[in-house]
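Residue-level structural notes
Take a look at the letters that make up each chain.
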Amino acid sequence: MFPRRPPAAVAAWLAGAAAAARAGARAGGLPALLASQCRFVTGLRVRRAQQIAQLYGRLYSESARRGLLGRLWRRLRGRPGPVCSLMAALAGVFVWDEERIQEEELQRSIDEMKRLEEMSGVFQSSGVEHHSPEPKSQTEGNEDSGDREQPWEMVMDKKHFKLWRRPITGTPLYRYRVFGTYTDVTPRQFFNVQLDTEYRKKWDALVIKLEVIERDVVSGSEVLHWVTHFPYPMYSRDYVYVRRYSVDQENNVMVLVSRAVEHPSVPESPEFVRVRSYESQMVIRPHKSFDENGFDYLLTYSDNPQTVFPRYCVSWMMSSGMPDFLEKLHMATLKAKNMEIKVKDYISAKPLDMGSEAKATTQSSERKNEGSRCPAQIEYA
């Protein structure tokens, strides 16, 4: 857990520093003497750190030491430079207390779906030709006028697919929202295809890598690493994100929430561009049941792809990429249904129901390279 230098090696290093200091003094070189002094002081501090590590090793258990280093890493990870990388490598832990997706986040997504359904119902009952109204955020109307988010702008309006966008305050980016309907597949099939990473690698040609890094037994949240091709001439992007899904059979709704995180076991690679700002929420409402054809879905998505292209280019990519991805997901679901391709049933094997979070009393740092989980995000931003 703690990096240690053997006592003999430390002694040899200090002896070498002392010898170098004497040689520098004899040579009369002030820069050499200063460098030797710095090396000697560094050696003393390394030995002190080793002694502290040995002391903590005797006083605390392995889990306690990991928690201690995890808290220290959490305090320093926001600082730029090598400090964050050093602490992440030293701790080697993911701070679930800070990063797990909470039940409140799932409920907020479900509430957004309810509001949109209520607004749509008002339009239908009034006898007016039905066009899905612009969705409203939970916080709209509660902020001061200067901080209030701008309204949603309709980008695409089709019979079973409607796409809005809204500027993200303080950035040149947009948040996108899709409300759609499918009538030829079941909610269970559509939901499972989204989550199955092994099947995703078969139907999505853009996937380079997709695997589960770690799972939390408290909430059922998972950390995934996903690497995907981006349109030429852009470099491939990689995402490290936490996701959590829930199936509420009593209220006939499914929800999947994902957002970007940092994980010490997945450092940034020079081969890919790391996407550090990403959020996705998918809510599925069956028309009848989970196993009968027909459902509505609400997808809210945003990320920062770290491109140098103008805002209108990124917006065009997103506006065209989201429908393309959703249609590929739909076709993959149809293929799995018609060809009876085996897809893991996440509804029957769901990690935790909503409301069970308070009953869990333990958390896991197990690393499971499962090949059966999948992100719920779009390839384009």
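Rules used throughout
Residues numbered from 1 in each chain as written. Predicted model: local features only at pLDDT ≥ 70, side-chain atom pairs only at ≥ 80, totals over all residues. Heavy atoms only, no water. Helix = DSSP H or I, 4+ residues; strand = E, 2+ residues; numbered from the N terminus. Contact = heavy atoms within 4.5 Å. Areas by Shrake-Rupley, 256 points an atom, 1.4 Å probe, with all protein chains shown as cover. Salt bridge = Lys/Arg side-chain N within 4 Å of Asp/Glu carboxyl O. Buried < 20%, exposed > 50% of the residue type's maximum accessible area, 1.4 Å probe, protein only. pLDDT = per-residue confidence, 0-100. Core = buried A, V, L, I, M, F, W, Y, C linked by side-chain atoms within 4.5 Å. Pairing = 2+ DSSP bridges.

**Observations regarding the overall build of the protein**
In terms of regular secondary structure, the protein is built from 9 helices and 10 strands. Counted over contacts in the protein with a minimum sequence separation of 6, partners at least 24 positions apart contribute 66%. If you sum the accessible surface of the protein, you get close to 19,600 Å²; carbon and sulfur atoms cover 53% of it.

**A few points about the pattern of salt bridges**
All told, the structure shown has 21 salt bridges when counted by the stated rule. In this structure, the salt-bridge partner of Asp 157 is Lys 162, at a minimum N-O distance of 2.4 Å. What makes Lys 162 buried here is its relative accessible area of 8%. Salt bridges here are not isolated pairs; linked through shared partners, they connect Asp 97, Arg 100 and Asp 216.

**Quick look at the confidence of the model for the protein**
When the pLDDT values of the protein are averaged, the result is 76; 64% of them are 70 or greater. Contacts for the low-pLDDT stretch residues 125-131, under 50 throughout, to residues beyond four places or in other chains number 6 contacts. Segment residues 138-146 is flagged for pLDDT under 50; beyond a separation of four residues in sequence, or across chains, it makes 10 contacts in the model.

**Brief notes about the nonpolar core**
Here is a general trend for soluble globular proteins: nonpolar side chains tend to be buried in one another's company. Counting 48 residues, the largest nonpolar core has Phe 191, Tyr 297 and Leu 326 as the members making the most contacts within it. Here the element with the most residues in this core is helix α9 (residues 311-338); it accounts for 9 residues. In this structure Leu 326 touches Phe 161, Val 178, Tyr 182, Met 282, Tyr 297 and Leu 299, once residues within four positions along its chain are discounted. Ile 101, Ile 110, Val 240 and Val 257 belong to the second-largest nonpolar core, a separate cluster that totals 21 residues.

**So, the pairing of strand β9 (residues 278-286)**
For a regular strand, side-chain orientation follows a simple rule: the groups alternate between the two sheet faces. Of all 9 residues making up β9, 8 are buried, and the element is well covered by its neighbours. Relative to β9, strand β7 (residues 253-260) runs antiparallel, the two being bridged by 6 bridges. When the sheet's bridge partners are listed, Leu 256 is paired in β9 with Met 282. Bridge count between β9 and strand β10 (residues 295-303): 9 bridges; the pairing is antiparallel. Considered in β10, the bridge of Ile 284 is made with Tyr 297.

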